[in-house]
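Letter by letter, the chains look like this.
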Amino acid sequence: MLHIFKFHKYKYLLGMLLIVLGFALPLFVFEIAFRMFGPDWLDLRMREISLNENVFFDTDYGWPIECSEIGCYKFVPNSEFLVSTNEYSHSVHIGSDGYRLNGNRISDFRKTIPFVGDSFTFGVGVEDHQTFVSILERDSDNRYLNLGIPGNSIVQQIDIVKKRHDDLGRPNEYVFVFFLGNDFQNILESRLLAPGNFSDNIDLEDEEVDYYPTVSSNFSILATINQFVIDNIFLRELYTVQWLRHKVLILVNQSNADLMDPIFLMMRKDKEYLYESKSIFVDELRRLDDLADALDFQYAFLIVPDRHQIDSDLLKIRMDYYGIDSEDIDYMLPNNVLSILLDEHQITYIDPTECMKTQDNVNELFYILDNHLTAKGHATMAKCVGNSINDKLE
């Protein structure tokens, strides 16, 4: 009887082992196949995962920055801090007036022109002297101030100019830097999430409200599973898991969830996101015009392209990843909409997108994971802009 019991026990264990092997062996084969012959988007995804480490200051929390009722508007004067990731590490030096220094020694200049923008203007990822603001200043007779504050858009930038105009010496000209990658989205979100701009049937305390597709998602269960995979050091490194995640993403996006990089929402010809942002941007232009008249200054716009707009290979890889047909994408759509609006309001602007697109090694102009301009990207941006800023503002 004991022998019979042991026989059934071993038979049971052998059966369980065969079942486990039946699942594990195909997964192992798929994993090897994906690592050797996987699609380009999967290789890019795994490269991004290998760099997935938070910035030392990954939000405004912890920055030596001063804020008020309008939000954060300048850095603590004479402060210094470090920004570091797997892709870069650099120090930031803030001057006595609360903006990032350019690292240039300028004793004689014709006029002062502040550059107002977000993290691309500020120069996340590069040293003080490597920002395009610093490079442009070295080739100019003017003094350029880097008023970049990461995370803001034209909505906050108008308030910053209004608050700081006198402190900056009442400059006659400003340059507003517009990043096509997310500024349209940020404008829309700023309006939707601002107090008093919700309809009466929206509860501001309700965390389940989906104010905008890129702010939150109704697929809470899938989001929880996705976060579990991302946080699991073993699962996130498996090519097979990332391939399966991609298939789920395609299905979710076909349900109009549109979980994708913000620039793709703005480049899509079959969606209305860009046109929803358009009317809000026009309102902000009117507000900017009123402020310019009141404070007696001129202004121009400098446009910063998203990396997918200048790197055709990366654009194709991302479209495959998101499951978007090429006929549904116009990479210049955000530029065209913006230029039409600026022309209608007779606003001077410079768009270096096409120039940057024609440069060699465009894949080296942006960081892989972080998406900010590299030192080479800032240099290329400055090269393509050239002296246009000075000429346009004369």
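Residues numbered from 1 in each chain as written. Predicted model: local features only at pLDDT ≥ 70, side-chain atom pairs only at ≥ 80, totals over all residues. Heavy atoms only, no water.

1. Quick look at the sheet that holds strand β9 (residues 348-350)
- The strand order across the open sheet formed by five strands is β6-β5-β7-β8-β9, and the pairing between neighbours is parallel. On the outer flanks of this sheet lie β6 (143-146) and β9, each paired with one strand and no other. Geometrically, the sheet is characterised by an average inter-axis angle of 25 degrees between neighbouring strands, direction not taken into account.
- The pairing of strand β5 (residues 112-116) with strand β7 (residues 173-179) spans two bridges and is classified as parallel. Counterpart to V116 in the pairing with β7 is F176.
- Packing against the sheet, helix α5 (residues 154-164) makes contact with β5, β7 and β8 (298-304), and its axis sits at approximately 160 degrees to β7. (Pairing = 2+ DSSP bridges. Helix = DSSP H or I, 4+ residues; strand = E, 2+ residues; numbered from the N terminus. Axes fitted to C-alpha atoms, helices over the stretch in contact; angles between N-to-C directions. Contact = heavy atoms within 4.5 Å.)

2. Notes on the confidence of the model for the protein chain
- In the predicted model, the protein chain carries a mean pLDDT of 80, and 72% of its residues have values of at least 70.
- This model gives residues 53-60 a pLDDT under 50, and the stretch forms 20 contacts once residues within four places in sequence are excluded.
- Counting contacts from residues 197-218, a segment whose pLDDT is below 50, to residues more than four positions away or on other chains yields 34 contacts. (pLDDT = per-residue confidence, 0-100.)

3. A look at the packing of aromatic side chains
- According to the stated counting rule, one finds 17 aromatic pairs in the structure shown.
- On the basis of an interplanar angle of 85 degrees and a centroid distance of 5.9 Å, the ring pair of F176 and Y299 is categorised as edge-to-face. Residue F176 is found in strand β7, and its partner Y299 is found in strand β8; the two are separated by 123 residues along the sequence.
- By relative accessible area, which is 0% here, F176 ends up buried.
- The structure contains a cluster of three or more aromatic residues connected by ring pairs, namely Y174, F176, F178, F184, F281, F297, Y299 and F301. (Phe/Tyr/Trp six-rings, centres within 6.5 Å; stacked < 30°, edge-to-face > 60°. Buried < 20%, exposed > 50% of the residue type's maximum accessible area, 1.4 Å probe, protein only.)

4. Some details on the packing of α5 against helix α10 (residues 273-295)
- Remark: α5 packs on α10, axes separated minimally by 10 Å, with the N-to-C direction vectors making an angle of 10 degrees. Relative to α10, α5 is oriented roughly parallel. Residues I154, V155, I158, D159, V161 and K162 of α5 form the contact with α10, whose participating residues are F281, E284, R287, L288, L291 and L295.
- By residue class, the composition of the contact of α5 with α10 is eight nonpolar, no polar and four charged. (Parallel < 35°, antiparallel > 145°, perpendicular 65-115°, else oblique. Nonpolar A, V, L, I, M, F, W, Y, C, P; charged D, E, K, R; others polar.)

5. Digging into helix α13 (residues 333-344)
- Taking 1.5 Å per residue as the helical rise, α13 with its 12 residues ought to reach 16 Å, and the 17 Å between its terminal C-alpha atoms agrees with that figure.
- Those residues of α13 that fall on the buried side of the exposure criterion are L333, P334, N335, V337, L338, S339, L341 and L342.
- The positive-phi residue at the C-terminal boundary of α13 is Q346, with phi of around 55 degrees. (Expected span 1.5 Å × (residues − 1).)

6. Overview of helix α15 (residues 375-385)
- The set of residues buried in α15 consists of G377, H378, T380, M381, A382, C384 and V385.
- Of the residues flanking the end of α15, it is G386, one or two places downstream, whose phi is positive at about 60 degrees.

7. Digging into the pattern of salt bridges
- The final tally for this structure, using the stated rule, is nine salt bridges.
- For D166, the salt bridge identified is with R170, shortest N-O distance 2.5 Å.
- Here E284 ties to R287 by a salt bridge, and the two come within 2.9 Å at their closest N and O atoms. Remark: R287 and E284 occur in helix α10; sequence separation between them is three residues, near one turn of the helix. (Salt bridge = Lys/Arg side-chain N within 4 Å of Asp/Glu carboxyl O.)

8. Some words on a nonpolar patch on the surface
- Taken together, I32, M36 and F37 make up a surface patch of nonpolar side chains, about 360 Å² in accessible area.
- By secondary structure assignment, the location of F37 is in helix α1 (residues 2-37).
- On the accessibility criterion, F37 (66% relative accessible area) is exposed. (Patch = residues over 30% accessible without salt bridge, like charges linked within 9 Å, V, L, I, M, F, W, Y side chains within 5 Å. Areas by Shrake-Rupley, 256 points an atom, 1.4 Å probe, with all protein chains shown as cover.)

9. Some points on the side chain of S79
- Here S79 is to be found in the loop between β2 (71-75) and β3 (80-84).
- Its relative accessible area of 12% is what places S79 among the buried residues.
- Within the local environment of S79, its side chain forms a polar contact with the backbone oxygen of V76, the two atoms lying 2.7 Å apart.
- If we ignore the near neighbours within four places in the chain, the residues touching S79 are P64, V92, H93 and I94. (Polar contact = N/O pair within 3.5 Å; in protein donor to acceptor, adjacent residues only side chain to side chain.)

10. Some thoughts on the state of the cysteines
- Enumeration over the complete set of coordinates arrives at two disulfides.
- Note that C67 is cross-linked by a disulfide to C72, the S-S spacing being 2.0 Å. Taking the sign of the torsion about the S-S bond as the criterion, the disulfide between C67 and C72, at about 75 degrees, is right-handed.
- The residue that forms a disulfide with C355 is C384, at a sulfur-sulfur distance of 2.1 Å. Residues C355 and C384 are joined by a disulfide whose S-S torsion is about -75 degrees; by sign, that bridge is left-handed. (Disulfide = S-S within 2.5 Å.)

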